[in-house]
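Architecture and fold: a report
For reference, the chains in residue letters:
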Amino acid sequence: EPEVTQTPSHQVTQMGQEVILRCVPISNHLYFYWYRQILGQKVEFLVSFYNNEISEKSEIFDDQFSVERPDGSNFTLKIRSTKLEDSAMYFCASSWIQRGGYNEQFFGPGTRLTVL
Amino acid sequence: QQPVQSPQAVILREGEDAVINCSSSKALYSVHWYRQKHGEAPVFLMILLKGGEQKGHDKISASFNEKKQQSSLYLTASQLSYSGTYFCGTSGGGATNKLIFGTGTLLAVQP
């Protein structure tokens, strides 16, 4: 069964450093998402991506964040200068459009980011 | 604004039933239910689109009352594998169908 994959599973970085989190969405999906979950809290929407551009972003997704689909398979989230409060689990998700306009989102296993 | 779930936590014995509620102050286009086990990704359970729709998945079913902006998840004859945190994700429609997740309900099923 196709699945969303993410690398690395765990990333430790120093405050102020740049990190890139990678995702490979399911191959025939059209919409891509990044969510994050701070330990013990709910899952929060960061950004959605369609047709090679951001379609929507949350207040959390400030200028320190960027997303890219550098080739036909990878979808990346870059944090330019990490802060302590960026420590969280980051989930990538993907979906396709079905008739009627609703779409199930499939989540990857997540990348745990720890900022020291 | 995030949807509110109730209860926050519930402890069951195997075989017992549970209901988890999700309500929103905003108009809903669809409701998605996910289960997340500790340290793992959320796993999709079901999606409800139409008002008053009810869907089932094995012994887990859900209803969606569009007018009341509420959804309920029903777990019958619970099994140990049902343990985890349940999140409802609501969508107000639009081009991206982004999900706004609820506060979560921790379900623990004991033998």
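Described in the following lines is the structure provided in the data block. (Residues numbered from 1 in each chain as written. Chains lettered and ligands numbered in written order. Predicted model: local features only at pLDDT ≥ 70, side-chain atom pairs only at ≥ 80, totals over all residues. Heavy atoms only, no water.)

That bond from A:Thr7 to A:Pro8 is cis: its omega, -10 degrees, falls within 30 degrees of zero. Along the chain, A:Pro8 falls in the loop between strand E1 (5-7) and strand E2 (10-13). Omega for the peptide link from B:Ser6 to B:Pro7 comes to -5 degrees, which places this bond in the cis form. At A:Asn52, a position not held by glycine, the phi torsion is positive, near 65 degrees. With respect to the helices and strands, A:Asn52 occurs in the loop between strand E5 (43-50) and strand E6 (53-57). One non-glycine residue, B:Gln69, lies in the positive phi region at around 55 degrees. Mapped onto the fold, B:Gln69 is located in the loop between strand E7 (60-65) and strand E8 (70-75). (Helix = DSSP H or I, 4+ residues; strand = E, 2+ residues; numbered from the N terminus.)

Okay, the pairing of strand E8 (residues 75-79) of chain A next. Residues and elements named next belong to chain A. Here E8 lies mainly inside the structure; 4 of its 5 residues are buried. Relative to E8, strand E3 (residues 19-24) runs antiparallel, the two sharing 5 bridges. Note on E8: the bridge partner recorded for valine 19 is isoleucine 79. Relative to E8, strand E7 (residues 65-68) is paired through 4 bridges, and the arrangement is antiparallel. What sits directly across from serine 66, in E8, is lysine 78. What sits between E7 and E8 in their antiparallel hairpin is a turn of 6 residues. (Buried < 20%, exposed > 50% of the residue type's maximum accessible area, 1.4 Å probe, protein only. Pairing = 2+ DSSP bridges.)

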